[in-house]
Every structure is written in structure tokens, then in C-alpha cells.
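Residue strings, one per chain:
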Amino acid sequence: MTQQPLPHEQRHHEPHHEPETVRIGEHDVPVVTATTVVVGTGSAGYCAAARLVQFGHDDVVMVADKIHAGASRNAGSDKQTYYKLTLSGGDGDSVREMAETLFSGGAMDGDNALAEAALSARGFLHLVDLGVPFPQNRFGEFIGYKTDHDPRRRATSVGPYTSRSMVERLEAKVQRDGTRVFDECRVVDVVTTTDADGTRRVAGLLVLRTDVPHDGAASPWLLFRCSNLVYATGGPAGMYATRVFPNGQWGASGAAYRAGVHGKNLTEWQFGLASTKPRWNVSGTYMQVVPRFVSTDQDGGDEREFLTEAIPDYGRLMSLVFLKGYQWPFDIRKARDGSSLVDLLVYRETVLRGRRVFLDFRRNPVREDFDPSALSPEAYAYLEQAGVLFGTPIERLRRMNEPAYQFYLDKNPYVDLEKDMLEVDVCAQHNNGGLVVDAWWQSNVTGFFPVGEAGGAHGVYRPGGAALNSGQVGATRAAQFIAARRDEKPLPEAEFAEVAAPVLDAAVGLTAAATGRAASGVADNTGDLLRDVQVLMSAKAGPVRSAASIQEALVQVHDWLTRYDDLVSADGTSRRSVNRTFLVRDILTSAYVYLSAMADYVAHGGRSRGSVLYSDAAGELPRAGHGPDAEAELDLPDVFRFALDGGVLDDVVQETAWVAPGSAPADAGDGAGWAPVVARDVDDPAGTPVFRWRPRRPIPADDDFFENVWREFREHGNVR
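Residues numbered from 1 in each chain as written. Predicted model: local features only at pLDDT ≥ 70, side-chain atom pairs only at ≥ 80, totals over all residues. Heavy atoms only, no water.

Some points on the pattern of salt bridges
Summed over the entire model, instances satisfying the criterion amount to 54 salt bridges. The partner of Arg362 in a salt bridge is Asp360, with the nearest N and O atoms 2.9 Å apart. As a salt-bridge pair, Asp371 and Arg367 come within 3.6 Å of each other at their nearest N and O atoms. Each of Arg336, Asp337, Glu620, Arg623, Glu631, Glu633, Asp638 and Arg641 takes part in salt bridges that share partners, so that together they form one network. (Salt bridge = Lys/Arg side-chain N within 4 Å of Asp/Glu carboxyl O.)

Take a look at the structure:
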């Protein structure tokens with residue numbers, strides 16, 4: 001095979017980052033050598049690359065599936081929030097208080113909470129200096145507002161696309177730095193090596209070049225020989241069919257688990273109402289103008305307002321819809337008699353009844369004329385101040401937030417809310433859990449740093465916008481540590497070839513088997529497998545789960561993964577199909593690990609918390625919440641019976657490891673106490689997820705005596 005140029009990469013780079021053809025086992029493969037590889041080109045990935053160069057570590061390259069895809073660049077809401085320390089006014093605030101706010105979300109490690117609070121101003125002002133237009137008053141104060149789970153006014157925004165603005169400004173900085181970016185690369189596997197003491201460390205990364213045909217003219221494989229991986233691949237969004245994550249945001253967590261990286265709080269997802277065509281959170285003004293909720297059959301017929309079945313009182317119905325504006329995420333604590341009842345009623349229509357749900361901004365709910373006097377005092381006062389106690393939802397929307405209306409006119413597919421209804425569902429929006437991180441965002445595998453949504457830094461609950469801050473802080477902390485403590489050269493070429501050969505051989509073998517199967521007449525099934533696992537996860541392991549539904553999905557996913565090498569069939573003439581061979585394996589691996597974590601959570605006594613209802617036959621149904629029968633249970637399906645967790649697991653963290661076939665749970669490393677939730681044969685082709693529960697790390701005690709801190713800072717920069 002010949003080595004072709006990489007046409008879709010950015011061309012600012014150092015000469016030593018040119019791929020060189022190396023013999024790896026039986027294959028000649030291009031290899032790029034760099035001390036650090038940043039995987040992912042979202043706001044966290046670009047921040048890490050920019051910070052590394054800033055800190056003097058410029059032997060770095062970046063890798064992307066698709067530079068212009070991903071959640072950071074394409075996701076948002078009517079007012080996408082960034083959470084940071086208060087930087088205006090006379091309100092009291094402190095690093096410690098912000099850390100305690102984050103920590104109070106439950107199951108969050110205190111050192112991560114403290115770091116996110118301590119570096120929030122630094123990360124925020126870095127973005128400001130790069131040109132992100134966060135609003136400030138004429139004296140330079142960055143004015144904030146209160147968001148969910150926020151006792152202060154720490155939130156700020158630049159509008160619907162806060163994260164996109166961040167990405168664009170960070171990307172421009174990385175381009176000015178001359179950091180090379182390799183685009184159109186599917187993560188296949190992480191290459192690791194194991195020290196004599198059992199410590200596993202990063203040795204490299206194998207990717208599939210999705211821009212190279214599989215015709216034998218050039219190698220479709222690309223290897224990176226490195227000492228560090230900053231893993232900014234986003235959450236495993238591809239697991240769910242019903243999701244607000246943009247097309248092109250898949251995640252690559254499965255490769256990390258296969259490499260021995262542990263997981264943390266994997267059960268904790270955030271779900272909420274979002275439009276599905278196009279995908280967008282319908283929070284904020286979209287709810288505050290009180291649109292009409294209707295459902296139809298699959299063909300668009302039999303239209304009816306369904307909220308009135310459970311919320312017959314006109315004023316209460318409108319007030320609960322209004323509250324969804326700033327109580328947007330589904331919160332099980334608000335499902336008993338609060339605004340999250342709306343999410344459950346939408347879920348009943350779409351999942352349990354098989355219908356479609358729409359927001360209708362053309363007409364008022366229930367009655368033709370809008371009667372604001374029926375609203376709760378809170379909703380009435382807000383809409384009165386906004387000057388919209390009149391008209392139809394679309395008239396109120398355009399008066400309050402014209403860009404929110406214009407947004408859908410500019411999307412694909414185009415939706416004119418003046419004329420068309422907007423299809424919505426309860427969608428997966430963010431994974432609060434993820435890959436395990438320490439105080440420097442390094443995982444249990446030396447040299448592997450998960451940042452952004454890939455890293456499991458959050459707890460059960462988090463303030464709105466905390467994820468954007470966490471991504472910047474984690475990327476900065478990882479870059480600091482790498483520059484100060486991990487500036488070591490990669491493995492020598494011969495040693496690298498030895499550890500990379502079995503990884504490459506396995507990938508080549510899987511490709512040959514999958515394409516050979518298709519060539520023999522077996523239909524390409526990569527698209528079907530992808531769709532089937534996503535639909536299964538949304539139906540059985542979404543915002544409403546039960547021990548039975550989790551087990552049902554786990555049995556199916558385990559079956560697919562066990563047979564995967566003999567099951568998958570990919571058209572060898574289609575780069576997309578070969579790409580999907582590894583994408584589907586990654587998603588199946590993630591789904592297998594996540595479903596097992598859910599089963600372990602239930603087995604550990606876990607109950608409903610966060611953004612998930614765990615069905616409990618001994619639990620209670622949501623209440624009427626209004627009038628003389630306020631405490632009466634609503635006539636809802638028993639699947640909505642639940643019991644609140646009550647915070648009993650807030651001080652512990654569930655950790656997860658995937659044990660490869662042929663290994664025992666003890667081989668998960670990093671101490672003892674690992675056990676499977678489902679016993680598997682040691683040679684099970686799907687591997688064995690194992691779990692342990694540990695106390696969460698507390699918020700570190702104050703160390704504020706200046707002379708001591710200064711002395712240690714002079715010695716080692718306090719990077720330790």
C-alpha cells in the first residue's frame with residue numbers, strides 16, 4: 001500500500017508530525033508520533049490543545065471524527081447557559097461556596113467540585129479574552145442570572161449558541177498555534193502497555209481513516225504513538241435514538257472501557273423536552289409562552305390535547321408548562337406534583353401509547369382565548385413584566401424572544417412556528433457520569449485524561465451550564481498536569497510496534513470478516529444494528545426504567561456483542577459501512593457497560609433520583625397536586641410508580657470497569673472490591689462489567705496560608 005496525503009487535515013503543523021510508514025506486525029501503516037494527542041474538537045478538546053501550547057507543551061496533535069460535528073458546535077437552547085463564579089454586583093460568593101453547590105448535587109467528588117469552582121473565573125475570562133462575547137456592563141462586570149440548582153446568580157450566556165461561540169474562538173486560537181488536526185478519523189482502540197507493577201499506561205491510538213476507500217491503494221488505518229491522550233470525545237450519545245444530541249455526535253467511550261479505563265456514575269443522565277426535527281432543547285421562552293401540547297397518531301390524525309387527562313385544572317396546567325421554561329430537565333423530585341409531570345405525560349404518549357407529540361404555538365391551550373388570571377402568581381408576574389399577557393403563544397414568543405422564533409426558520413428541517421406544529425419528545429441530553437477522573441482529570445490509566453462530557457466529573461444533579469465550565473476546567477487541569485508531569489517521550493518505535501500489532505491485527509481481522517460476509521451475499525446490517533440498539537436503549541433504559549426493562553435490554557445487548565464478530569456484515573465498497581462496523585461495536589460496548597451499571601445500581605438499592613424514574617411496584621404514582629384531592633394519586637400506568645432515593649447514596653460513587661475476555665474481576669486493577677452484577681464466563685466474548693462502590697472524595701480542606709502555598713508553588717507549581 002502507498003501512503004496518501006491526509007486531505008482533510010488542517011495544514012498548520014510541525015514537520016515531525018508527518019505520518020511515517022512503519023511495519024506493525026504484518027502491515028505497513030502510517031504512524032504519527034507526538035507526546036500528546038487530543039481526541040475531539042469540541043470546546044473541551046480545543047481548550048486542552050490551546051492550554052497545552054500555552055503551558056509550553058507544543059508536541060501535540062488533534063484527532064477528530066468530523067471537525068464540524070459534535071455537540072459543542074451544534075447544540076444549544078434558547079439561552080444556552082455558562083456557569084461560573086459570580087463576577088458582578090454585591091452578592092456574596094466564594095470558591096468554597098460554589099464548590100459546595102456543585103458537591104451538593106450528590107455523588108460528586110469534592111476535589112473535582114473545588115477545582116471547577118476555583119478555575120471557573122480563569123476559564124471564563126480565558127474565553128472572554130479569546131473573543132467570546134459574554135455580556136458585561138459599562139464597568140466591566142459580567143452580569144449573571146439564576147439557573148436551576150443555583151443559589152446565586154452565577155449563570156451567563158451569549159444566546160442560543162454559547163458553546164458554538166466558545167468552539168469557534170478556541171479553534172481560531174489552536175489554528176494560530178499551528179497545532180495539526182487530523183480530521184475524519186474513527187476511534188477504533190486505545191493502545192496501552194502494562195508496567196511490571198501492573199500499572200497500565202497509554203502507548204497510542206488506532207483510528208480508521210473514514211476518507212480512505214478500502215480498495216487496497218492506501219492504508220485506511222492511522223496509528224498515533226504518544227504518551228498522553230486527552231479524551232474529549234463527548235458522551236456516548238449514539239446509544240439513544242430519542243436524543244437531542246446533534247447528528248454526528250456519537251462518543252467513543254467503548255474504546256476507553258476496552259482499554260481498561262474505569263467509569264463513574266454511569267447511571268446518571270439528563271433528559272428533557274426537545275424538538276426532534278430539528279433537534280433542539282425547548283426550554284426557556286419556548287415553555288414560558290405556554291404553548292399547546294397535542295398528540296396525534298403516527299399518521300398525524302386523531303389530534304388531541306392530552307395534558308388535560310391528568311391536569312384538568314386550566315390554571316395549573318398553564319403554570320406547570322410555564323415552569324418547564326427554567327425547570328427544563330426532567331427532575332424526578334418534581335414529578336410527584338410539579339412541572340416534571342409534563343415530561344411523564346409526554347413519555348406516556350410517545351413511548352407507551354406510540355403516538356407523536358407536538359407543541360402548537362398557533363393556539364392557546366384548552367381555551368381559544370388566553371386567560372392569564374388563572375396563572376400562578378409567579379408565572380403571572382413574569383409574563384406581566386415581559387409584557388405578554390395577551391394573544392397566542394406565537395405572539396408571546398415573538399414579543400419576548402424573536403430569535404427563538406427565527407431559529408427554527410433557519411434550521412434543517414425548516415419549521416415556521418407561525419404555521420406548523422413542532423414535534424417533541426423526552427430526549428437524552430447529557431451524561432452526568434462518564435469516564436473516571438482524579439483531581440487533575442487523569443483516569444486510572446496513566447496518561448489518559450477524559451475531559452468534557454467524556455469525563456464523569458458531575459454528580460446526580462448539577463447547575464445549568466455547569467457542563468461548559470467543567471469542560472474548560474478539566475481541559476485546563478489536564479494540560480497543566482501534562483505540561484508539568486507528563487512531558488515524556490512515547491515508547492520507542494520497536495516497543496510501540498509490539499504492543500500495537502495485536503490491536504491492529506484485531507481491527508483488520510474484524511474488517512475482513514465483516515466485508516467478507518457482505519461479499520458472500522449477507523446483507524449489510526450495520527445500519528440496522530445501529531438503529532436497533534438505539535431504539536432498545538430509549539425504550540428500556542431512558543428516563544423511565546425498571547429492573548425488568550434493564551434486564552431485557554441487557555440480555556439483548558449482551559447477545560449482540562457476544563456474536564458481533566460473526567454477526568456484523570459491512571459493504572466493503574462503502575466507507576460509511578466499514579466506519580459503522582467500529583461505531584456500532586463502540587456503542588454496543590458502551591450500552592453493555594451502562595446497562596450493567598443500571599442493573600448494579602438497582603441491585604445496590606438504588607431508587608429514583610436525578611433525571612430518571614426507576615419503576616417500583618411498592619412506590620407511589622404522581623399526585624393531583626391541586627384542589628381538595630391534591631394528595632390523590634393520578635390515574636397513570638403503574639410503570640410510573642416510584643420511590644425517591646432521598647439522597648441515601650449521595651455520599652458514595654459507583655465505579656465501573658470492563659474486564660476483557662480471559663481475565664478475572666481482580667484484573668480490573670486499582671484496588672480490590674470489584675464484582676459483577678451478572679456472572680459471566682471468564683471467556684465470555686462480550687467481556688464482564690464489574691463494579692464497586694466507594695465513598696466520594698470530600699472537598700479538600702482550606703489551605704490558605706500564603707507563605708506555605710507560595711513556597712510549594714515555587715518548588716513545583718503545586719502540580720502534584
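Quick word on the nonpolar core
Counting residues in hydrophobic clusters, the biggest one holds 153 residues, and the most contacted among them are Ile24, Phe224, Tyr286, Phe293, Leu417 and Phe448. Ranked by residue count, the leading element in this core is helix 20 (residues 575-603), at 15 residues. Counting 44 residues, the second-largest nonpolar core is a separate cluster that includes Val181, Ala439, Val473 and Val719. (Core = buried A, V, L, I, M, F, W, Y, C linked by side-chain atoms within 4.5 Å. Buried < 20%, exposed > 50% of the residue type's maximum accessible area, 1.4 Å probe, protein only. Helix = DSSP H or I, 4+ residues; strand = E, 2+ residues; numbered from the N terminus.)

Description of the sheet that holds strand 3 (residues 36-39)
Hydrogen bonds between backbone groups are what pair the strands of a sheet, and the pairing can be parallel or antiparallel. With parallel pairing, 5 strands are arranged side by side in an open sheet as 7-4-3-11-19. The open sheet has two free edges, formed respectively by strand 7 (180-182) and strand 19 (448-450), since each of these has just one partner strand. For this sheet, the mean inter-axis angle between neighbouring strands, taken without regard to orientation, is 20 degrees. Here strand 4 (residues 60-63) runs beside strand 7; their pairing, made up of 3 bridges, is parallel. In the strand pairing of strand 7, Val63 is matched with Phe182. Relative to the sheet, helix 15 (residues 466-485) contacts strand 3, strand 11 (228-231) and strand 19, its axis offset from that of strand 19 by approximately 165 degrees. (Pairing = 2+ DSSP bridges. Axes fitted to C-alpha atoms, helices over the stretch in contact; angles between N-to-C directions. Contact = heavy atoms within 4.5 Å.)

Concerning the state of the cysteines
Per the stated rule, a full pass over the model turns up 0 disulfides. The thiol of Cys226 is unpaired, and the distance to the nearest cysteine sulfur, on Cys185, comes to 13 Å. (Disulfide = S-S within 2.5 Å.)

Regarding the side chain of Arg694
Residue position: Arg694 is located in strand 24 (residues 688-695). A relative accessible area of 15% places Arg694 in the buried class. There is a polar contact of 2.7 Å between the side chain of Arg694 and the side chain of Asp109. Once residues within four sequence positions are removed from consideration, Arg694 is found in contact with Asp109, Lys264, Asp651, Val652, Val653 and Glu655. (Polar contact = N/O pair within 3.5 Å; in protein donor to acceptor, adjacent residues only side chain to side chain.)

What to know about the environment of Pro676
Counting through the fold element by element, Pro676 comes out in strand 23 (residues 675-676). Assessed through its relative accessible area of 32%, Pro676 is described here as partly exposed. Sequence separation of Pro676 and Val659 is 17 residues, and the distance between their C-alpha atoms is 9.7 Å. Setting aside chain neighbours within four positions, we find Pro676 in contact with Pro665, Thr688, Pro689 and Val690.

Some thoughts on the confidence of the model for the chain
Considering every residue of the chain, the mean pLDDT works out to 95; 98% of them sit at 70 or more. Contacts for the low-pLDDT stretch residues 1-15, under 50 throughout, to residues beyond four places or in other chains number 44 contacts. (pLDDT = per-residue confidence, 0-100.)

Notes on helix 11 (residues 341-352)
Because each turn of an α-helix spans 3.6 residues, side chains separated by three or four positions in sequence point in the same direction. The buried fraction of helix 11 is high, at 10 of 12 residues. If you check which residues of helix 11 are buried, you get Leu341, Val342, Asp343, Leu344, Leu345, Val346, Tyr347, Arg348, Glu349 and Thr350. With its phi angle positive at about 70 degrees, Gly354 sits one or two positions after the end of helix 11.

With respect to the sheet that holds strand 16 (residues 356-360)
Strand order in this open sheet of 5 strands is 14-13-17-16-15, and the pairing throughout is antiparallel. Edge positions in the open sheet fall to strand 14 (279-281) and strand 15 (292-296), since each of these has one partner strand only. Taken over all neighbouring pairs, the strand axes of this sheet differ in orientation by 50 degrees on average, direction set aside. Relative to strand 17 (residues 422-431), strand 13 (residues 269-276) runs antiparallel, the two sharing 7 bridges. Bridging across to strand 17, Gln270 finds its partner in His430.

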